[in-house]
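# Fold and contact review
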Amino acid sequence: MFRLKQSAVKPAFIVMFFLIITGAAYSVSGALSSRGPVNNSYSGKPAKYVFLFIGDGMGLPQVSSAEIFAGSMKGGKYPDAPRSLSFTSFGAQGITTTHDASSFITDSASSGTAIATGNKTLNGVISMDVAKKNKLKSIATMAKEKGMKVGIISSVSIDHATPAVFYSNVPSRKMMYEIGLQMFDSGFDYFAGGSVVDPDGKKSKMENKPGNLFDYAKNKGYKIVKSKSEFSRLKSGNGKVWAITEQVADDSAMLYEIDRSSSVLSLKDFTKKGIELLDNEKGFFMMVEGGKIDWACHANDGMSAIKDVYAFDDAVREAVAFAKNHPDETLIVVTGDHECGGMTVGFAGTKYDTFFQKLKKQNMSYIKFDETLDEIKKKNSELKFDEVVNLVSKHFGLNTDKNDKEMGLTDYEMQLLKDAFAQVNNKEKSDSLYLLYGEYNPLSVTVTHILNRKAGIGWTSYSHTGVPVPTYAKGTGEEIFDGYYDNTDIFKKLTAVMNLQ
Ligand SMILES: [Zn+2]
């Protein structure tokens with residue numbers, strides 16, 4: 001519109017222009033000011049057992065996609081297909097805004113800080129204010145001070161932003177070693193899931209480091225459990241525990257659910273054990289993060305994201321089972337910290353249809369596909385295109401049969417693969433390459449794009465997006481989780497129902 005000549009500017013354009021100008025001046029924090037008051041007060045009996053489940057990167061598209069895939073697999077047409085996720089039928093349902101102190105699009109540090117402490121802060125900041133000077137107390141610390149037991153579980157590394165906001169205060173989420181130290185200083189009763197990224201503080205600028213984090217944890221009285229057999233023997237009364245997945249995967253995380261064999265501990269297993277260890281007279285607060293939903297969405301890998309939503313839901317079901325035996329004293333809240341990937345149900349090529357059943361032949365995550373390609377390169381020193389096409393067929397179900405309307409690669413899709421193949425060894429960075437492949441292996445991101453588009457899933461970004469997310473609640477005080485509110489209100493609602501100050 002700025003290219004229009006003065007004479008072509010019509011009144012309507014002038015109005016639009018002013019709307020845009022005033023919109024730009026509209027502050028992020030003022031975005032909700034025109035809405036009515038949010039009900040964050042509660043006067044009933046406080047909840048004794050509180051579960052907070054955070055699906056990292058889980059917006060409505062991730063939730064819907066998981067349900068649509070389940071429906072497609074049953075041969076049903078959504079919305080006739082039965083609901084597949086436990087939490088979408090919870091009694092209370094809210095819509096939650098996620099902007100942070102300076103951006104409509106939050107990262108997990110600022111959104112986590114909002115949920116854990118009730119305060120807006122900047123991207124990258126872990127439970128400190130916008131000046132990065134004052135520490136903000138988390139709901140987990142408040143619960144611990146009240147005498148409740150506290151558990152923090154994540155499918156990514158346990159020092160990652162979302163778990164970190166509950167037990168540490170640092171100006172940057174990159175201070176992984178410092179976060180690790182504060183984790184064991186917290187005295188929280190149970191940490192479980194992933195490992196830590198920087199155990200020896202190699203990336204830390206801290207002077208006089210107190211040493212390796214595993215040793216530090218032991219000195220602080222933590223029992224570190226790395227094997228499944230030891231894990232299964234854990235009993236309440238064992239003291240403070242840090243349980244780590246036997247198969248530590250990318251960036252010290254648990255495996256993607258799609259890559260996990262049934263013999264490897266799941267997010268559900270860590271949650272179930274957490275309930276067993278934390279159950280006590282004074283109650284508990286447990287935060288469980290489905291962190292790899294987000295990572296799969298950054299990479300635009302729909303099937304891996306959906307499988308991780310299922311793993312997350314399986315963990316929620318453990319809490320629901322516990323609540324059945326503890327009615328009137330348990331609260332379960334399920335939310336997302338932000339959407340990721342700009343995932344949507346619908347793609348230009350599939351118009352009004354979805355074909356989610358096409359995803360079912362994908363049998364590994366994008367990262368395992370990367371590793372598979374790397375192994376071949378190591379063995380043969382050179383990767384051949386035909387070999388890639390065979391692997392794409394074996395692991396994603398796509399084939400070269402043009403008559404196969406379901407899974408056959410079209411000429412256009414084959415060209416996309418060839419273009420990606422040509423870029424595999426290109427280390428150069430450019431805006432156009434970023435738009436095509438993000439910073440991922442060009443082949444794996446192209447394969448998931450092709451498969452997802454065939455299924456009717458679209459992606460707009462390799463980052464987070466600014467749309468609100470759904471929040472679900474069940475149990476004691478659930479009624480105040482209905483409505484449209486901000487992520488800082490989740491803290492206010494939880495502390496009200498738990499009677500924490
Ligand atoms: Zn993310």
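Residues numbered from 1 in each chain as written. Predicted model: local features only at pLDDT ≥ 70, side-chain atom pairs only at ≥ 80, totals over all residues. Heavy atoms only, no water.

Quick look at the coordination of the zinc ion now. Here the zinc ion is held by the protein donor atoms Asp294 (OD), Asp294 (OD), His298 (NE2) and His464 (NE2), which lie 2.0 to 2.6 Å from it. Around the zinc ion sit four donor atoms, and with donor-metal-donor angles ranging over 55 to 143° the site reads as irregular. Considered as a linear motif, the donors of the zinc ion on their single chain read D-x3-H-x165-H. Here Asp294 pairs with His298, and both are found in helix H10 (residues 292-298), just four residues apart, close to one helical turn. The exposure class of Asp294 is buried, given its relative accessible area of 4%. For His298, a relative accessible area of 18% corresponds to the buried category. (Donors = N, O, S within 2.8 Å, 3.2 Å for Na, K, Ca; no water. Tetrahedral: all angles 85-135°; square planar, octahedral: opposite > 155°, others 65-115°. Helix = DSSP H or I, 4+ residues; strand = E, 2+ residues; numbered from the N terminus. Buried < 20%, exposed > 50% of the residue type's maximum accessible area, 1.4 Å probe, protein only.)

The next thing to look at is the packing of aromatic side chains. Per the stated rule, a full pass over the model turns up 24 aromatic pairs. Aromatic side chains Tyr49 and Phe284 sit 5.1 Å apart centroid to centroid with 50° between the ring planes, which places their arrangement in the tilted category. Of the two residues, Tyr49 sits in strand E1 (residues 49-55) while Phe284 sits in strand E7 (residues 284-290), which places them 235 residues apart along the sequence. Relative accessible area serves as the criterion here: at 3%, Tyr49 is assigned to the buried category. (Phe/Tyr/Trp six-rings, centres within 6.5 Å; stacked < 30°, edge-to-face > 60°.)

Take the side chain of Thr245 next. By the secondary structure assignment, Thr245 is in the loop between strand E6 (241-244) and helix H9 (267-278). A relative accessible area of 3% means that Thr245 is categorised as buried. Within the structure, the side chain of Thr245 is placed 3.3 Å from the backbone nitrogen of Gln247, a separation counted as a polar contact. (Polar contact = N/O pair within 3.5 Å; in protein donor to acceptor, adjacent residues only side chain to side chain.)

Moving on, we come to helix H12 (residues 366-380). The terminal C-alpha atoms of H12 lie 21 Å apart, and with 15 residues this matches the ideal 21 Å at 1.5 Å per residue to within 8%. Taken residue by residue, H12 has Tyr366, Ile367, Phe369, Asp370, Thr372, Leu373 and Ile376 as its buried positions. The inward-facing, buried residues of H12 abut H10, helix H11 (302-325), helix H13 (385-396) and helix H16 (442-455). Of the residues one or two after H12, Ser381 is the one with positive phi, at around 65°. (Expected span 1.5 Å × (residues − 1). Contact = heavy atoms within 4.5 Å.)

Evaluation of the coordinates by the stated rule reveals 13 salt bridges. Among the salt bridges present, the one from Lys220 reaches Asp185, with a minimum N-O distance of 3.2 Å. Linking Lys220 in the loop between helix H7 (213-219) and strand E5 (223-225) with Asp185 in helix H6 (residues 176-185), this pair joins segments that are 35 residues apart in sequence. Classification of Asp185 as partly exposed rests on a relative accessible area of 41%. For Glu257, the salt bridge is made with Arg260, and the minimal N-O distance between the two is 3.0 Å. (Salt bridge = Lys/Arg side-chain N within 4 Å of Asp/Glu carboxyl O.)

In terms of domains, the chain is made up of domain 1 (49-343 + 467-498) and domain 2 (360-458). Of note, the centres of domain 1 and domain 2, computed from C-alpha atoms alone, are 32 Å apart. Counting residues at the interface gives 17 residues for domain 1, matched by 15 residues for domain 2. In this assembly, domain 1 packs against domain 2 so that about 1300 Å² is buried in total across both faces, 56% of it on carbon and sulfur atoms. Counting every contact that joins domain 1 to domain 2 gives zero salt bridges. Here domain 1 is connected to domain 2 by eight residue pairs in polar contact (both at pLDDT 80 or more). Among the elements of the structure, helix H2 (60-73), H10 and H11 are those that each provide at least two residues to the side of domain 1 that touches domain 2. Taken together, the residues that form the side of domain 1 that touches domain 2 break down as nine nonpolar, five polar and three charged. (Domains from an automatic or database assignment. Buried area = accessible area lost by both parts, 1.4 Å probe. Nonpolar A, V, L, I, M, F, W, Y, C, P; charged D, E, K, R; others polar.)

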